[in-house]
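# A structural walkthrough
Chain by chain, the residues:
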Amino acid sequence: MGKCPDCGEWNSLVEQVVENSAPDLHRPAPPIEDAAPVPLREIQLDTTARWNTGLSEFDRVLGGGIVPGSAVLLGGDPGIGKSTLLLQVGHALASAGRSVVYVTSEESLGQTRMRATRLRADQSDVVVMAQANLDVIMNQVRKRNPDVVIVDSIQMVYRPDLPSAPGSATQLRDAGTRLVWLAKQMGFALLLVGHVTKEGAIAGPKILEHVVDCVAYFEGDRYQTHRIVRAVKNRYGSTEELGIFEMTDAGLQPVRDPATLFLDGAAPRRQPGSAILAAAEGTRVLLVEVQALCVQSVFGAAKRKTTGVDAARVAMILAVVEKHARVVLGDQDVFVNIVGGVRVAEPAADLAIALAVVGAMQRRALPAGCAIFGELGLGGEVRAVSQSRQRIAEAQRVGLTRIVLPARTALDSGSESSLVRCGHLGEAIAQLRDL
Ligand code: TYD
Ligand code: MG
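Residues numbered from 1 in each chain as written. Chains lettered and ligands numbered in written order. Predicted model: local features only at pLDDT ≥ 70, side-chain atom pairs only at ≥ 80, totals over all residues. Heavy atoms only, no water.

What follows concerns helix α6 (residues 311-324). With 14 residues, α6 extends 20 Å between its outermost C-alpha atoms, agreeing within 8% with the 20 Å of an ideal straight helix rising 1.5 Å per residue. What α6 keeps buried is the set V314, I317, L318, V320 and V321. Down the axis of α6, the smallest arc covering the buried residues is 160°, so these residues share one side. Exposed and oriented more than 90 degrees from the buried face of α6 are A312 and K323. In the core, the buried residues of α6 are packed alongside β12 (304-307), β13 (332-338), α7 (350-362), β15 (375-376) and α9 (425-434). One or two steps after α6, the chain reaches R326, where phi turns positive at roughly 50°. (Helix = DSSP H or I, 4+ residues; strand = E, 2+ residues; numbered from the N terminus. Expected span 1.5 Å × (residues − 1). Buried < 20%, exposed > 50% of the residue type's maximum accessible area, 1.4 Å probe, protein only. Arc of directions from axis to C-beta. Contact = heavy atoms within 4.5 Å.)

Shown next as C-alpha coordinates:
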(Lines give C-alpha, C1' and ligand atoms only; values in the text may rest on other atoms or scores of the structure.)
(Ligands and ions follow the chains in the order given, each with its own letter.)
Protein backbone atom coordinates (compact mmCIF):
# COMPACT_ATOMS: atom_id res chain seq x y z
CA MET A 1 0.00 0.00 0.00
CA GLY A 2 1.46 3.33 -0.97
CA LYS A 3 -1.04 5.40 0.95
CA CYS A 4 -1.91 5.08 4.61
CA PRO A 5 -5.59 4.23 4.89
CA ASP A 6 -5.66 5.95 8.31
CA CYS A 7 -4.14 9.39 7.82
CA GLY A 8 -4.12 9.52 4.01
CA GLU A 9 -0.35 10.22 3.92
CA TRP A 10 1.65 8.79 0.98
CA ASN A 11 4.74 6.61 1.43
CA SER A 12 4.58 6.76 5.18
CA LEU A 13 4.24 3.00 5.66
CA VAL A 14 7.36 1.16 6.86
CA GLU A 15 7.78 -2.59 6.48
CA GLN A 16 8.48 -4.52 9.66
CA VAL A 17 9.22 -8.21 9.97
CA VAL A 18 7.29 -9.83 12.82
CA GLU A 19 9.10 -12.81 14.35
CA ASN A 20 6.98 -15.85 13.79
CA SER A 21 6.02 -16.77 17.32
CA ALA A 22 3.98 -19.74 16.15
CA PRO A 23 5.97 -22.87 16.99
CA ASP A 24 7.87 -24.65 14.25
CA LEU A 25 5.37 -26.55 12.15
CA HIS A 26 8.04 -28.41 10.27
CA ARG A 27 9.18 -31.91 10.84
CA PRO A 28 12.46 -32.11 12.76
CA ALA A 29 15.23 -32.54 10.21
CA PRO A 30 16.82 -35.99 10.22
CA PRO A 31 20.56 -36.24 11.03
CA ILE A 32 22.56 -35.38 7.91
CA GLU A 33 24.30 -38.78 7.63
CA ASP A 34 20.90 -40.58 7.53
CA ALA A 35 19.63 -38.50 4.66
CA ALA A 36 21.46 -40.34 1.83
CA PRO A 37 19.20 -41.87 -0.84
CA VAL A 38 18.76 -45.66 -0.86
CA PRO A 39 18.37 -47.99 -3.84
CA LEU A 40 14.71 -48.90 -4.17
CA ARG A 41 15.31 -52.64 -3.96
CA GLU A 42 17.17 -52.28 -0.67
CA ILE A 43 14.31 -50.61 1.15
CA GLN A 44 13.16 -52.87 3.92
CA LEU A 45 9.47 -53.54 3.62
CA ASP A 46 7.75 -53.44 6.93
CA THR A 47 5.38 -56.33 6.46
CA THR A 48 3.65 -55.91 9.76
CA ALA A 49 0.27 -57.52 9.68
CA ARG A 50 -2.72 -55.26 9.71
CA TRP A 51 -4.91 -55.21 12.75
CA ASN A 52 -8.49 -56.27 12.38
CA THR A 53 -10.90 -53.66 13.65
CA GLY A 54 -13.53 -56.20 14.63
CA LEU A 55 -15.85 -54.82 11.95
CA SER A 56 -15.31 -56.56 8.62
CA GLU A 57 -16.82 -53.65 6.69
CA PHE A 58 -14.48 -51.11 8.28
CA ASP A 59 -11.50 -53.38 7.52
CA ARG A 60 -12.64 -53.40 3.92
CA VAL A 61 -12.68 -49.59 3.79
CA LEU A 62 -9.17 -49.43 5.23
CA GLY A 63 -7.90 -51.99 2.73
CA GLY A 64 -7.81 -54.98 5.07
CA GLY A 65 -7.40 -53.57 8.58
CA ILE A 66 -5.49 -50.82 10.37
CA VAL A 67 -1.83 -50.40 9.50
CA PRO A 68 0.26 -49.72 12.64
CA GLY A 69 1.72 -46.22 12.51
CA SER A 70 -0.89 -44.96 10.08
CA ALA A 71 -3.25 -42.04 10.53
CA VAL A 72 -6.90 -42.38 9.60
CA LEU A 73 -9.39 -39.52 9.44
CA LEU A 74 -13.07 -40.42 9.76
CA GLY A 75 -15.42 -37.63 8.74
CA GLY A 76 -19.17 -37.30 8.70
CA ASP A 77 -22.18 -35.26 9.71
CA PRO A 78 -22.96 -34.86 13.40
CA GLY A 79 -24.95 -37.79 14.80
CA ILE A 80 -24.18 -40.21 11.99
CA GLY A 81 -22.15 -42.67 14.08
CA LYS A 82 -18.49 -41.66 14.13
CA SER A 83 -18.08 -41.97 17.89
CA THR A 84 -20.00 -45.24 17.86
CA LEU A 85 -17.82 -46.75 15.14
CA LEU A 86 -14.53 -45.74 16.72
CA LEU A 87 -15.50 -46.82 20.22
CA GLN A 88 -16.45 -50.23 18.77
CA VAL A 89 -13.14 -50.38 16.92
CA GLY A 90 -11.24 -49.34 20.05
CA HIS A 91 -13.00 -51.99 22.10
CA ALA A 92 -12.30 -54.70 19.53
CA LEU A 93 -8.63 -53.76 19.33
CA ALA A 94 -8.35 -53.65 23.13
CA SER A 95 -10.00 -57.05 23.36
CA ALA A 96 -7.37 -58.34 20.94
CA GLY A 97 -4.68 -57.27 23.37
CA ARG A 98 -3.71 -53.83 21.99
CA SER A 99 -3.42 -50.87 24.28
CA VAL A 100 -5.94 -48.26 23.20
CA VAL A 101 -6.25 -44.65 24.35
CA TYR A 102 -9.58 -42.99 23.53
CA VAL A 103 -9.47 -39.22 23.84
CA THR A 104 -12.88 -37.61 23.93
CA SER A 105 -12.55 -33.88 23.47
CA GLU A 106 -16.21 -33.03 23.29
CA GLU A 107 -18.01 -35.42 25.60
CA SER A 108 -17.60 -36.31 29.26
CA LEU A 109 -16.24 -39.58 30.61
CA GLY A 110 -19.78 -40.42 31.69
CA GLN A 111 -21.19 -39.97 28.20
CA THR A 112 -18.51 -42.24 26.78
CA ARG A 113 -19.26 -44.82 29.43
CA MET A 114 -22.95 -44.63 28.56
CA ARG A 115 -22.22 -45.22 24.91
CA ALA A 116 -19.96 -48.12 25.85
CA THR A 117 -22.79 -49.66 27.84
CA ARG A 118 -25.04 -49.56 24.77
CA LEU A 119 -22.26 -51.17 22.77
CA ARG A 120 -21.77 -53.86 25.46
CA ALA A 121 -18.23 -52.61 25.78
CA ASP A 122 -18.31 -51.17 29.29
CA GLN A 123 -15.92 -53.81 30.64
CA SER A 124 -13.40 -52.79 28.04
CA ASP A 125 -9.68 -52.19 28.60
CA VAL A 126 -9.82 -49.02 26.51
CA VAL A 127 -8.28 -46.11 28.45
CA VAL A 128 -10.50 -43.05 28.19
CA MET A 129 -9.43 -39.45 28.62
CA ALA A 130 -11.74 -36.43 28.48
CA GLN A 131 -9.28 -33.83 27.34
CA ALA A 132 -9.03 -31.16 24.67
CA ASN A 133 -5.62 -29.66 25.45
CA LEU A 134 -3.17 -30.97 22.88
CA ASP A 135 -0.12 -30.72 25.15
CA VAL A 136 -1.80 -32.80 27.84
CA ILE A 137 -2.94 -35.37 25.27
CA MET A 138 0.51 -35.69 23.73
CA ASN A 139 2.15 -35.97 27.13
CA GLN A 140 -0.16 -38.78 28.17
CA VAL A 141 0.33 -40.57 24.87
CA ARG A 142 4.11 -40.33 25.22
CA LYS A 143 3.90 -41.66 28.77
CA ARG A 144 1.61 -44.60 27.93
CA ASN A 145 3.11 -45.56 24.58
CA PRO A 146 -0.15 -47.13 23.30
CA ASP A 147 -0.75 -49.14 20.10
CA VAL A 148 -3.79 -47.13 19.11
CA VAL A 149 -4.91 -43.56 19.81
CA ILE A 150 -8.43 -42.41 18.99
CA VAL A 151 -9.20 -38.68 19.09
CA ASP A 152 -12.90 -37.81 18.99
CA SER A 153 -13.00 -35.12 17.66
CA ILE A 154 -9.84 -33.45 16.42
CA GLN A 155 -11.70 -30.18 15.89
CA MET A 156 -12.18 -29.58 19.60
CA VAL A 157 -8.50 -30.23 20.38
CA TYR A 158 -6.52 -27.00 20.82
CA ARG A 159 -3.21 -25.56 21.89
CA PRO A 160 -3.70 -22.85 24.50
CA ASP A 161 -0.60 -20.97 23.38
CA LEU A 162 -1.88 -20.43 19.85
CA PRO A 163 -3.76 -17.17 19.47
CA SER A 164 -6.60 -18.54 17.31
CA ALA A 165 -9.78 -19.98 18.77
CA PRO A 166 -10.34 -23.73 19.24
CA GLY A 167 -12.00 -25.13 16.13
CA SER A 168 -10.30 -22.68 13.78
CA ALA A 169 -8.34 -23.80 10.76
CA THR A 170 -5.00 -22.95 12.38
CA GLN A 171 -5.75 -24.95 15.51
CA LEU A 172 -7.07 -27.90 13.52
CA ARG A 173 -4.05 -28.02 11.24
CA ASP A 174 -1.64 -27.70 14.12
CA ALA A 175 -3.28 -30.34 16.30
CA GLY A 176 -3.75 -32.77 13.40
CA THR A 177 -0.21 -32.40 12.08
CA ARG A 178 1.39 -32.79 15.50
CA LEU A 179 -0.58 -35.90 16.34
CA VAL A 180 0.21 -37.47 12.97
CA TRP A 181 3.94 -36.85 13.47
CA LEU A 182 3.78 -38.31 16.93
CA ALA A 183 2.05 -41.39 15.47
CA LYS A 184 4.78 -41.79 12.84
CA GLN A 185 7.48 -41.26 15.46
CA MET A 186 6.10 -43.64 18.05
CA GLY A 187 4.43 -46.10 15.68
CA PHE A 188 0.89 -46.07 17.04
CA ALA A 189 -2.17 -46.09 14.81
CA LEU A 190 -4.05 -42.81 14.99
CA LEU A 191 -7.79 -42.55 14.36
CA LEU A 192 -9.19 -39.04 14.14
CA VAL A 193 -12.83 -37.97 14.02
CA GLY A 194 -13.67 -34.86 12.02
CA HIS A 195 -17.10 -33.26 11.80
CA VAL A 196 -18.24 -32.24 8.40
CA THR A 197 -19.30 -28.65 8.90
CA LYS A 198 -21.18 -26.12 6.91
CA GLU A 199 -19.23 -22.90 6.51
CA GLY A 200 -18.72 -21.48 9.95
CA ALA A 201 -16.51 -21.10 12.96
CA ILE A 202 -15.41 -24.72 12.99
CA ALA A 203 -13.02 -25.75 10.23
CA GLY A 204 -13.88 -28.90 8.28
CA PRO A 205 -11.86 -32.12 8.10
CA LYS A 206 -10.81 -31.39 4.49
CA ILE A 207 -7.93 -29.34 5.93
CA LEU A 208 -6.35 -32.51 7.29
CA GLU A 209 -6.87 -34.76 4.28
CA HIS A 210 -3.34 -34.38 2.95
CA VAL A 211 -1.76 -34.96 6.35
CA VAL A 212 -3.25 -38.39 7.05
CA ASP A 213 -2.83 -41.72 5.25
CA CYS A 214 -6.46 -42.64 4.91
CA VAL A 215 -9.61 -40.54 4.77
CA ALA A 216 -13.05 -42.09 5.09
CA TYR A 217 -16.40 -40.37 5.19
CA PHE A 218 -19.82 -41.43 6.34
CA GLU A 219 -22.20 -40.97 3.41
CA GLY A 220 -25.92 -40.47 3.16
CA ASP A 221 -28.09 -39.27 5.99
CA ARG A 222 -28.84 -40.47 9.46
CA TYR A 223 -32.52 -41.04 8.77
CA GLN A 224 -31.71 -44.42 7.24
CA THR A 225 -30.85 -47.37 9.44
CA HIS A 226 -27.91 -48.30 7.28
CA ARG A 227 -24.70 -46.32 7.22
CA ILE A 228 -22.19 -46.14 4.40
CA VAL A 229 -18.50 -45.39 4.94
CA ARG A 230 -16.41 -44.62 1.87
CA ALA A 231 -12.64 -44.21 1.65
CA VAL A 232 -11.76 -41.15 -0.41
CA LYS A 233 -8.02 -41.47 0.11
CA ASN A 234 -6.03 -44.52 1.10
CA ARG A 235 -2.28 -44.93 0.99
CA TYR A 236 -2.68 -48.58 1.98
CA GLY A 237 -5.50 -49.76 -0.25
CA SER A 238 -8.11 -48.96 -2.85
CA THR A 239 -10.22 -45.86 -2.48
CA GLU A 240 -13.34 -47.18 -4.08
CA GLU A 241 -14.36 -49.50 -1.30
CA LEU A 242 -17.56 -48.95 0.60
CA GLY A 243 -18.29 -50.22 4.06
CA ILE A 244 -21.96 -50.83 4.70
CA PHE A 245 -23.31 -51.01 8.23
CA GLU A 246 -26.60 -51.12 9.95
CA MET A 247 -27.15 -48.95 13.03
CA THR A 248 -28.69 -51.21 15.65
CA ASP A 249 -29.41 -50.67 19.32
CA ALA A 250 -26.01 -52.22 20.00
CA GLY A 251 -23.99 -50.12 17.61
CA LEU A 252 -22.97 -50.58 14.00
CA GLN A 253 -23.15 -54.06 12.51
CA PRO A 254 -21.72 -54.99 9.11
CA VAL A 255 -24.39 -55.76 6.50
CA ARG A 256 -23.68 -59.25 5.20
CA ASP A 257 -25.22 -59.17 1.74
CA PRO A 258 -25.64 -55.56 0.67
CA ALA A 259 -26.30 -56.24 -3.04
CA THR A 260 -30.02 -55.63 -2.74
CA LEU A 261 -30.01 -53.47 0.37
CA PHE A 262 -31.10 -50.46 -1.64
CA LEU A 263 -33.95 -52.21 -3.47
CA ASP A 264 -37.37 -52.85 -2.02
CA GLY A 265 -37.19 -56.57 -2.40
CA ALA A 266 -35.66 -58.42 -5.34
CA ALA A 267 -38.41 -57.56 -7.82
CA PRO A 268 -39.27 -53.89 -7.34
CA ARG A 269 -42.52 -52.52 -8.61
CA ARG A 270 -42.60 -51.56 -12.21
CA GLN A 271 -43.15 -47.89 -12.34
CA PRO A 272 -42.43 -45.25 -14.97
CA GLY A 273 -39.29 -43.34 -14.07
CA SER A 274 -37.67 -46.15 -12.14
CA ALA A 275 -34.64 -48.13 -13.32
CA ILE A 276 -32.31 -50.55 -11.59
CA LEU A 277 -28.64 -49.83 -11.94
CA ALA A 278 -25.96 -52.47 -11.44
CA ALA A 279 -23.34 -50.23 -9.84
CA ALA A 280 -19.80 -51.35 -9.09
CA GLU A 281 -18.54 -49.83 -5.87
CA GLY A 282 -14.97 -50.96 -5.37
CA THR A 283 -14.86 -54.71 -5.76
CA ARG A 284 -18.54 -55.09 -5.00
CA VAL A 285 -21.69 -54.76 -7.08
CA LEU A 286 -24.68 -52.96 -5.61
CA LEU A 287 -28.08 -52.91 -7.24
CA VAL A 288 -29.61 -49.52 -6.70
CA GLU A 289 -32.81 -47.93 -7.89
CA VAL A 290 -32.59 -44.75 -9.93
CA GLN A 291 -35.75 -42.65 -9.92
CA ALA A 292 -36.61 -39.80 -12.21
CA LEU A 293 -39.55 -37.42 -12.13
CA CYS A 294 -40.41 -34.87 -14.78
CA VAL A 295 -43.01 -32.17 -14.24
CA GLN A 296 -43.99 -29.22 -16.34
CA SER A 297 -42.06 -26.27 -14.96
CA VAL A 298 -44.02 -23.29 -13.82
CA PHE A 299 -41.47 -20.58 -14.32
CA GLY A 300 -39.22 -19.94 -17.26
CA ALA A 301 -36.09 -21.72 -16.06
CA ALA A 302 -36.53 -25.46 -15.70
CA LYS A 303 -35.16 -26.94 -12.46
CA ARG A 304 -32.83 -29.91 -12.31
CA LYS A 305 -32.35 -31.45 -8.86
CA THR A 306 -30.35 -34.54 -8.03
CA THR A 307 -29.66 -36.63 -4.93
CA GLY A 308 -26.92 -39.23 -4.92
CA VAL A 309 -25.58 -38.35 -8.37
CA ASP A 310 -23.50 -35.50 -9.72
CA ALA A 311 -25.74 -32.69 -11.00
CA ALA A 312 -23.36 -31.77 -13.82
CA ARG A 313 -23.33 -35.37 -15.04
CA VAL A 314 -27.13 -35.46 -15.00
CA ALA A 315 -27.27 -32.21 -16.97
CA MET A 316 -25.11 -33.84 -19.62
CA ILE A 317 -27.27 -36.96 -19.69
CA LEU A 318 -30.40 -34.82 -20.09
CA ALA A 319 -28.82 -33.04 -23.04
CA VAL A 320 -28.00 -36.39 -24.65
CA VAL A 321 -31.57 -37.62 -24.03
CA GLU A 322 -33.01 -34.46 -25.54
CA LYS A 323 -30.78 -34.59 -28.60
CA HIS A 324 -30.56 -38.29 -29.34
CA ALA A 325 -33.78 -39.75 -27.98
CA ARG A 326 -35.82 -36.78 -29.17
CA VAL A 327 -37.48 -36.28 -25.82
CA VAL A 328 -38.16 -32.63 -25.11
CA LEU A 329 -37.06 -31.73 -21.60
CA GLY A 330 -36.56 -27.99 -21.94
CA ASP A 331 -39.87 -27.12 -20.31
CA GLN A 332 -39.65 -29.81 -17.61
CA ASP A 333 -38.40 -29.74 -14.05
CA VAL A 334 -36.35 -32.93 -13.74
CA PHE A 335 -35.59 -34.66 -10.46
CA VAL A 336 -33.20 -37.59 -10.28
CA ASN A 337 -32.73 -39.57 -7.10
CA ILE A 338 -30.72 -42.62 -6.08
CA VAL A 339 -32.85 -44.45 -3.54
CA GLY A 340 -31.40 -45.31 -0.15
CA GLY A 341 -28.86 -42.54 0.42
CA VAL A 342 -25.99 -44.14 -1.51
CA ARG A 343 -23.91 -41.94 -3.83
CA VAL A 344 -23.09 -43.19 -7.30
CA ALA A 345 -20.21 -41.43 -9.01
CA GLU A 346 -19.32 -43.79 -11.86
CA PRO A 347 -20.27 -43.00 -15.48
CA ALA A 348 -21.67 -46.53 -15.74
CA ALA A 349 -24.82 -45.06 -14.19
CA ASP A 350 -25.52 -42.89 -17.26
CA LEU A 351 -27.69 -45.32 -19.20
CA ALA A 352 -29.88 -46.17 -16.21
CA ILE A 353 -30.41 -42.47 -15.48
CA ALA A 354 -31.26 -41.76 -19.12
CA LEU A 355 -33.74 -44.64 -19.30
CA ALA A 356 -35.36 -43.57 -16.04
CA VAL A 357 -35.84 -40.05 -17.40
CA VAL A 358 -37.21 -41.30 -20.72
CA GLY A 359 -39.56 -43.64 -18.86
CA ALA A 360 -40.76 -40.79 -16.67
CA MET A 361 -41.42 -38.58 -19.69
CA GLN A 362 -43.19 -41.25 -21.71
CA ARG A 363 -45.02 -42.67 -18.68
CA ARG A 364 -43.80 -46.10 -19.61
CA ALA A 365 -42.32 -48.57 -17.12
CA LEU A 366 -39.29 -50.64 -18.02
CA PRO A 367 -39.87 -54.38 -18.57
CA ALA A 368 -39.83 -56.45 -15.37
CA GLY A 369 -36.54 -57.70 -13.96
CA CYS A 370 -34.21 -55.30 -15.78
CA ALA A 371 -30.77 -54.35 -14.54
CA ILE A 372 -28.94 -51.62 -16.45
CA PHE A 373 -25.40 -50.34 -16.79
CA GLY A 374 -23.45 -48.41 -19.42
CA GLU A 375 -21.79 -45.06 -20.00
CA LEU A 376 -23.29 -42.51 -22.42
CA GLY A 377 -21.18 -40.53 -24.83
CA LEU A 378 -22.19 -37.10 -26.10
CA GLY A 379 -23.18 -38.69 -29.41
CA GLY A 380 -25.68 -40.90 -27.63
CA GLU A 381 -23.47 -43.95 -27.99
CA VAL A 382 -23.42 -46.48 -25.15
CA ARG A 383 -19.88 -47.17 -24.02
CA ALA A 384 -18.52 -50.28 -22.38
CA VAL A 385 -17.61 -50.07 -18.68
CA SER A 386 -15.45 -52.06 -16.30
CA GLN A 387 -16.49 -55.08 -14.22
CA SER A 388 -19.25 -56.11 -16.64
CA ARG A 389 -19.03 -59.76 -15.71
CA GLN A 390 -19.45 -59.08 -11.99
CA ARG A 391 -22.39 -56.74 -12.65
CA ILE A 392 -24.18 -59.34 -14.74
CA ALA A 393 -23.48 -62.15 -12.30
CA GLU A 394 -24.69 -60.16 -9.32
CA ALA A 395 -27.86 -58.97 -11.09
CA GLN A 396 -28.70 -62.53 -12.10
CA ARG A 397 -27.97 -63.81 -8.61
CA VAL A 398 -30.65 -61.56 -7.13
CA GLY A 399 -33.19 -62.54 -9.77
CA LEU A 400 -32.93 -59.77 -12.36
CA THR A 401 -33.18 -61.67 -15.59
CA ARG A 402 -32.75 -58.98 -18.23
CA ILE A 403 -29.49 -57.12 -18.40
CA VAL A 404 -29.36 -53.95 -20.49
CA LEU A 405 -25.71 -53.31 -21.29
CA PRO A 406 -23.30 -51.73 -23.79
CA ALA A 407 -23.18 -53.59 -27.12
CA ARG A 408 -19.43 -53.79 -27.07
CA THR A 409 -19.16 -55.59 -23.76
CA ALA A 410 -16.78 -58.49 -24.22
CA LEU A 411 -18.00 -61.61 -22.45
CA ASP A 412 -16.41 -65.00 -22.87
CA SER A 413 -19.45 -67.13 -22.12
CA GLY A 414 -22.86 -67.07 -20.50
CA SER A 415 -26.44 -66.89 -21.65
CA GLU A 416 -26.67 -64.22 -24.35
CA SER A 417 -30.45 -64.66 -24.34
CA SER A 418 -30.88 -62.59 -21.20
CA LEU A 419 -28.72 -59.74 -22.47
CA VAL A 420 -30.09 -56.65 -24.21
CA ARG A 421 -27.07 -55.20 -25.96
CA CYS A 422 -27.31 -51.56 -27.05
CA GLY A 423 -24.88 -49.49 -29.05
CA HIS A 424 -26.89 -46.29 -28.88
CA LEU A 425 -29.38 -44.69 -26.51
CA GLY A 426 -32.08 -44.72 -29.22
CA GLU A 427 -31.47 -48.41 -29.78
CA ALA A 428 -31.83 -49.14 -26.06
CA ILE A 429 -35.17 -47.33 -25.92
CA ALA A 430 -36.46 -49.11 -29.05
CA GLN A 431 -35.40 -52.55 -27.85
CA LEU A 432 -36.96 -52.09 -24.43
CA ARG A 433 -40.21 -50.88 -25.94
CA ASP A 434 -40.48 -54.10 -27.96
CA LEU A 435 -39.95 -56.38 -24.98
P1 TYD B 1 -22.73 -40.99 17.47
O2 TYD B 1 -21.76 -42.10 17.28
O3 TYD B 1 -22.62 -40.24 18.74
O4 TYD B 1 -22.59 -39.96 16.25
P5 TYD B 1 -21.40 -38.94 15.91
O6 TYD B 1 -20.24 -39.24 16.77
O7 TYD B 1 -21.11 -39.16 14.45
O8 TYD B 1 -21.92 -37.57 16.13
O9 TYD B 1 -24.21 -41.59 17.40
C10 TYD B 1 -25.03 -41.56 16.29
C11 TYD B 1 -26.43 -41.98 16.56
O12 TYD B 1 -26.51 -43.38 16.69
C13 TYD B 1 -27.07 -41.41 17.79
O14 TYD B 1 -28.24 -40.70 17.37
C15 TYD B 1 -27.50 -42.57 18.61
C16 TYD B 1 -27.45 -43.74 17.68
N17 TYD B 1 -27.00 -45.00 18.30
C18 TYD B 1 -27.70 -46.17 18.05
O19 TYD B 1 -28.72 -46.18 17.36
N20 TYD B 1 -27.27 -47.36 18.60
C21 TYD B 1 -26.15 -47.40 19.38
O22 TYD B 1 -25.79 -48.49 19.87
C23 TYD B 1 -25.44 -46.18 19.63
C24 TYD B 1 -24.20 -46.18 20.49
C25 TYD B 1 -25.89 -45.01 19.07
MG1 MG C 1 -19.42 -38.01 18.27
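Another point: the site of ligand 1. As a structural note, the neighbourhood of ligand 1 is formed by 16 residues, with G79, S83, T84, T248 and G251 the closest of them. Separating an oxygen atom of ligand 1 from a side-chain N or O atom of R115 is a distance of 2.8 Å. For ligand 1, a nitrogen atom lies 3.3 Å from a polar atom in the side chain of R118. Looking at the shell around ligand 1, the elements that each hand over two or more residues are α2 (82-95), α3 (109-118) and β8 (242-248). Counting residues per element, the shell around ligand 1 draws most heavily on α2, which supplies three residues. Each residue belonging to the shell around ligand 1 can be placed in one class, and the counts come to five nonpolar, six polar and five charged. (Near = heavy atom within 4 Å. Polar contact = N/O pair within 3.5 Å; in protein donor to acceptor, adjacent residues only side chain to side chain. Nonpolar A, V, L, I, M, F, W, Y, C, P; charged D, E, K, R; others polar.)

Checked against the element boundaries, S83 lands in helix α2. Within the local environment of S83, its side chain forms a polar contact with the side chain of D152, the two groups lying 2.7 Å apart.

This part covers a nonpolar patch on the surface. A cluster of nonpolar side chains, contributed by V38, L40 and I43, occupies part of the molecular surface with about 330 Å² of accessible area. Along the chain, V38 falls in the segment before α1 (56-62). (Patch = residues over 30% accessible without salt bridge, like charges linked within 9 Å, V, L, I, M, F, W, Y side chains within 5 Å. Areas by Shrake-Rupley, 256 points an atom, 1.4 Å probe, with all protein chains shown as cover. Salt bridge = Lys/Arg side-chain N within 4 Å of Asp/Glu carboxyl O.)

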